[in-house]
Amino acid sequence: MKPLKELINERPWTGWLLYLITVIVVFALGMLASSVMERRAEAVFAYTPAVTFPENEPDSKVWGEVFPREYYSYLRTSDTSFRSRYNGAALIDMLDEYPSMVILWAGYSFSKDYKQGRGHFYSIEDIRNTLRTGAPVGDAPSPQPNTCWTCKSSNVPGLIAREGAAGFYRGTWEKRGAQVVNPIGCADCHDPKTMNLRITRPALREAFESQGKDISQVSHQELRSLVCAQCHVEYYFNKNIIPDVQYLVLPWKNGTSLEQIEKYYDEAVFSDWTHAISKAPMLKAQHPDFEVYLTGTHASRGVSCADCHMPFMSEGGLKFTDHHLQSPLNSISRSCQVCHREETARLIEDVYQRQEKILENRRVLENLLIKCHFEAKAAWDKGAQESQMIEILNYIRKAQWRWDFAAAGHGNSFHSPVETGRIIASGISMAAEARLRLARLLASFGVGGEVPVPDISTKAKAQAVAGLNMKNLNEEKSLFLKNIVPDWDKQAEKK
Amino acid sequence: MFIKLIPPDRWKLPVIIVSGIFTGLVFFLFYISKASSYLGDKPETCVNCHIMAPQYATWYHSAHRMKTNCNDCHVPHDNLISKYYFKARDGLRHATVFTLRREPQVIYIKEEGAMAVHRNCVRCHSDLITDNRLLTINSELMKNRISRRCSDCHRETPHGRINSLSAVPWARVPLPESPLPQWLRTEKQAERKQKF
């Protein structure tokens, strides 16, 4: 072959051909390179949400633009149609169902109004509606502190981040009426950058610290329960930590069992209220769902709250977590049957049986407690001394604490039937002990017969016995709802 | 022969520049396509093409992530030559399809790939199918074993059943980031990356 130079000299078109080929190869290479670049650039945007929002964005709708499936399933917590044998998704007036609760809580705001709440979607509406928050019209303050908002809204993480926990809790409930307007939502459990689960409520973090544990060290599976445990736990307001602040505390320092929490309250000489009939220093259990769940079989097998209450679902070829938080009795196939290969009816019946059997003894304890309160009143009326009553009242306190611990968590009898049964059994023995001592005391005053219990067969009758003027309370509330609440919403919208 | 390609003195400078551009372009292509990564076994290599994200995400959430990477199952392991031959052939086909934007919305494994996967199942799990006790209990075992692939029944191992390109919208997958070095990227890009 001749040198290239000669070849080109002889036939100039070969030179042009060589030139053209080079142009084509470089052009094609360039195209390929730019195609690779383009597809790599795609990767930066594919799987990346196009909407950004600030940290602690309280409006779940904004999050929902990026996560529509999760958001729309969350919206279904507004569906109140499901009803199980004892509970369900609708508002259930528990005082109507169990009028004796009015007497058990006499002197405490729960005797005015206690309903089984609806889904997270209604958290703001329900706390505004309940008689327990009072009717703060004009200068009259609400009987509750701002601490009550803590678990009701996705506005809270932002407010706490800005003002600190104590700053947020300070003041009476109506002060933040226009600030706390979004129901429980995305920001309560999720980190806006990574969507990882996060703990937004200081009380749970502090409770972990009080036990010498660090909540930032827990696993994802534990977080799938702990985000719920930010609120679905026993708590109380401690007035001694910071002046003028009712500080939210989970009484877990000694542990989370009924006895350990009781010991904590006893050591702190704490009582929620003094009973209006028996004058006993009472404790109110506030839905200790998480604590009771911890004692159950499912918890010890590592099953989290979300596993049953937020099972996976699939839609259009996508698998995701159902954010319609509800009773798993309404999602047996996805919640139970992933592990338990039994008929749906059989599984539901299993749950109902546990609930029924626990309820059976709970009512026994309830009746004993009612008698305790009226017999104690009879003893006071006969001139009993405080020194004679103090131990009896302590038994009443302990017995009712057990009853409330079992009754206040609506899922307890399923989450941990053995523990709930044990708690009620020990409550019965304490109530029986109280009544035995009361009988002796009353006998010493010459009262031998049965102490009469007034007619408390309906909510209205029981509330009259407890000395409540329900007509006034309801009227004030409806005025508040008509005149004040719309203003709150208007102010909130302006921001 | 090579000597004949050397251009006349007059042309040397432009030829040096042109061939430099040409070589540089080839290197650039190597760099942005992460060509060297294809020699290794890292699962991250497979999501160089972002359409593999569902496969990566489902594998990452399966038990198999503890012991296997993509290549453990998806390329033959009988010998090194067959491994790299298979890899090169499959890889070039994938690269071509991806470059021409001919990827289907739902990716199914091809016959040859399925066989490679099957042999790899057996490679690790041979104890499960050569148990003599099973042979005596189940008379059809030999027949069933030979006529079927593991994945005929174990259909959800490990990728689950649904694997369309949009099956895992927000999965966090180590997709390649911008090839630009940090100092060349604008603030906004960096910020965006940080956000999600």
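Computed from a predicted structure; not experimentally measured.

Rules and cut-offs
Residues numbered from 1 in each chain as written. Chains lettered and ligands numbered in written order. Predicted model: local features only at pLDDT ≥ 70, side-chain atom pairs only at ≥ 80, totals over all residues. Helix = DSSP H or I, 4+ residues; strand = E, 2+ residues; numbered from the N terminus. Buried ≥ 20, exposed ≤ 12 C-beta atoms within 10 Å, placed from the backbone. Contact = placed C-beta atoms within 7 Å. Rg over C-alpha atoms; globule rule 2.2 N^0.38 Å. Nonpolar A, V, L, I, M, F, W, Y, C, P; charged D, E, K, R; others polar. Domains from an automatic or database assignment. Core = buried A, V, L, I, M, F, W, Y, C linked by C-beta atoms within 7 Å. Pairing = 2+ DSSP bridges. Axes fitted to C-alpha atoms, helices over the stretch in contact; angles between N-to-C directions. Parallel < 35°, antiparallel > 145°, perpendicular 65-115°, else oblique. Left-handed = near helix turned anticlockwise from the far one by under 90°.

This brings us to the overall build of chain B. Within chain B, the secondary structure is distributed over 11 helices and zero strands. The secondary structure elements of chain B, listed N-terminal to C-terminal, are α-α-α-α-α-α-α-α-α-α-α. With 196 residues in all, chain B has 13% of them scored as buried. Expressed as a percentage of contacts within chain B between residues at least 6 apart in sequence, the contacts between residues at least 24 apart total 70%.

Now for the overall build of chain A. Looking only at helices and strands, chain A features 23 helices and eight strands. Relative to the compact-globule value of 23 Å for 495 residues, chain A shows a C-alpha radius of gyration of 31 Å, a clear excess of over 25%. Along the first, second and third principal axes, the C-alpha set of chain A runs to 140 × 55 × 45 Å. The buried share among the 495 residues of chain A stands at 39%. A separation threshold of at least 6 residues defines the contact pool for chain A, and within that pool the share at least 24 residues apart is 71%.

Turning next to the interface of chain A and chain B. Accessible area lost when the parts come together is the quantity often used to give the size of an interface. Between chain A and chain B, the residue contacts involve 25 residues of the former and 28 residues of the latter. Those elements that place two or more of their residues in the side of chain A that touches chain B are α1 (4-10) and α2 (12-45) of chain A. With 13 residues, α2(A) is the largest single contributor of residues to the side of chain A that touches chain B. Considering only residue class, the side of chain A that touches chain B consists of 15 nonpolar, five polar and five charged.

Right, let's talk about helix α4 (residues 53-60) of chain B for a bit. Residue and element names in this part refer to chain B. Counting buried positions over the eight residues of α4 gives seven, a clear majority of the element. Residues A53, P54, Q55, Y56, A57, T58 and W59 constitute the buried set of α4. Buried positions along α4 lie against α3 (43-46).

Let us look at the domain arrangement of chain B. Domain boundaries assigned for chain B yield domain 1 (10-39) and domain 2 (42-171). Domain 1 of chain B and domain 2 of chain B are separated by 36 Å when their C-alpha centres are compared.

Quick look at the nonpolar core now. Residue and element names in this part refer to chain A. Core analysis: the largest hydrophobic core is formed by 51 residues, its most contacted members being V102, I103, L369, A376, I396 and A434. With 11 residues, helix α18 (residues 386-408) is the largest single contributor of residues to this core. In this view, L369 contacts L104, A399, Q400, W403 and A431; residues no more than four positions away in its chain are not counted. Among the nonpolar cores identified, the runner-up in size contains 39 residues, and V156, F168, A207 and C305 belong to it.

Our focus in this paragraph is the environment of V97(B). Residues and elements named next belong to chain B. Topologically, V97 is positioned in helix α6 (residues 80-99). We classify V97 as partly exposed; it has 15 C-beta atoms within 10 Å. C-alpha of V97 to C-alpha of K110: the two residues are 13 residues apart in sequence and 14 Å apart in space.

Moving on, we get to the pairing of strand β7 (residues 312-315) of chain A. Residues and elements named next belong to chain A. Direction of pairing for β7 relative to strand β8 (residues 318-321): antiparallel, over a ladder of four bridges. In the sheet register, F312 faces β8, and the bridge partner there is T321. The loop that links β7 with its antiparallel partner β8 comprises two residues; one of these, G316, has a positive phi angle of about 55 degrees.

Residue and element names in this part refer to chain A. Relative to each other, helix α17 (residues 344-381) and α18 sit at 155 degrees, their axes nearing to 10 Å. With respect to α18, the axis of α17 lies roughly antiparallel. Note that α17 runs across α18; the crossing there is left-handed. Here R362, L365, E366, L369, C372, A376 and A379 of α17 come into contact with α18, specifically with M389, I392, L393, I396, A399, Q400, W403, A406 and A407.

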